[in-house]
Each structure stands twice: as structure tokens, then as C-alpha cells.
Amino acid sequence: GEQPELLEGVNMSSYAVALTHVRMHRITYSNAIASLGEPIASVIRMNEIKKVLTDIFLFKNLTEEQIDRVVRRLERCHFAAGEGILKKDDP
């Protein structure tokens, strides 16, 4: 499942038990933000949107950098059921 400790910066509520020899690396929420420049949840969300866009014909021929710019300019909007999203002659 999701790891709220990394996604939201909350204290760890669980632990892991190694059943065999393992090498484990741990990163704190603040270190992840310092490395990525933004919260992990935002990075994951943007990567999911990029995957969807690359499957859409309109965006198939864009470079990784172009898709990244498109994703960063997207704005999340919420609409109520039955609410108009587009109107004829909207710019």
C-alpha cells in the first residue's frame, strides 16, 4: 500500500522485518523534498499524469521535456455533477 510516512511527512507508524540478508536505505521526508524539490506525492502524481499523456495521440510526439512542461502547467479543477465544463466559443 501507500507509505504516508514518505508521502505526507508523518511519523513512521510501522516497521519492517528482514527475513533474509538485506541492505536498507532510509530517507526522511525533509531529505526527499530537498532532493526532489517538491513533495513525493506531487512527483508521483506528475509521473502518473505523464504516463497517461504519452498514451494520448495528441501528446505522443512530444519530448520528455515538453510533456514535463505541459504537466507542470496543468491545474486541478473540481466540477459538480451536471456542471458545465466547456462552453461553445470559449477561448
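Just so it is clear, the structure is predicted and the values come from calculations on it, not from any experiment.

Chemist: Quick question: what am I supposed to make of the nonpolar core here?
Modeler: With five residues, the main nonpolar core is built from Met46, Leu53, Phe59, Ile67 and Val71. Once residues lying within four places of it in the same chain are set aside, the contact partners of Phe59 are Leu53, Ile67 and Val70.

Chemist: Would you take a moment to explain a nonpolar patch on the surface for this structure?
Modeler: Together, Val52, Ile56 and Leu58 make up a nonpolar patch on the protein surface, roughly 290 Å² of accessible area in all. The residue Val52 is located in helix H3 (residues 40–54) in this model. Classification of Val52 as exposed rests on a relative accessible area of 52%.

Chemist: Explain the side chain of Lys50 to me, please; I cannot follow it from the model alone.
Modeler: Along the chain, the position of Lys50 falls in helix H3. Setting aside its immediate chain neighbours within four residues, Lys50 contacts Glu64, Ile67, Asp68 and Val71.

Chemist: Explain the side chain of Glu38 to me, please; I cannot follow it from the model alone.
Modeler: Within the secondary structure, Glu38 sits in the loop between helix H2 (29–36) and H3. In terms of polar contacts, Glu38 uses its side chain to reach the side chain of Arg72, at 3.3 Å.

Chemist: What's the story with the packing of H3 against helix H4 (residues 64–73) in this structure? I'm lost.
Modeler: Between two packed helices, the angle of one axis relative to the other and the distance separating the axes together describe the packing. Look at H3 against H4: their axes get within 10 Å of each other, and the N-to-C directions meet at 120°. Taken as axis vectors, H3 and H4 run oblique relative to one another. In the crossing of H3 with H4, the sense of the turn from one axis to the other is right-handed. On H4, the residues that touch Met46, Ile49, Lys50, Leu53 and Thr54 of H3 are Glu64, Ile67, Asp68, Val70, Val71 and Arg72. Of the residues belonging to the contact of H3 with H4, the class tally is six nonpolar, one polar and four charged.

Conventions and cut-offs
Residues numbered from 1 in each chain as written. Predicted model: local features only at pLDDT ≥ 70, side-chain atom pairs only at ≥ 80, totals over all residues. Heavy atoms only, no water. Core = buried A, V, L, I, M, F, W, Y, C linked by side-chain atoms within 4.5 Å. Buried < 20%, exposed > 50% of the residue type's maximum accessible area, 1.4 Å probe, protein only. Contact = heavy atoms within 4.5 Å. Patch = residues over 30% accessible without salt bridge, like charges linked within 9 Å, V, L, I, M, F, W, Y side chains within 5 Å. Areas by Shrake-Rupley, 256 points an atom, 1.4 Å probe, with all protein chains shown as cover. Salt bridge = Lys/Arg side-chain N within 4 Å of Asp/Glu carboxyl O. Helix = DSSP H or I, 4+ residues; strand = E, 2+ residues; numbered from the N terminus. Polar contact = N/O pair within 3.5 Å; in protein donor to acceptor, adjacent residues only side chain to side chain. Axes fitted to C-alpha atoms, helices over the stretch in contact; angles between N-to-C directions. Parallel < 35°, antiparallel > 145°, perpendicular 65-115°, else oblique. Left-handed = near helix turned anticlockwise from the far one by under 90°. Nonpolar A, V, L, I, M, F, W, Y, C, P; charged D, E, K, R; others polar.

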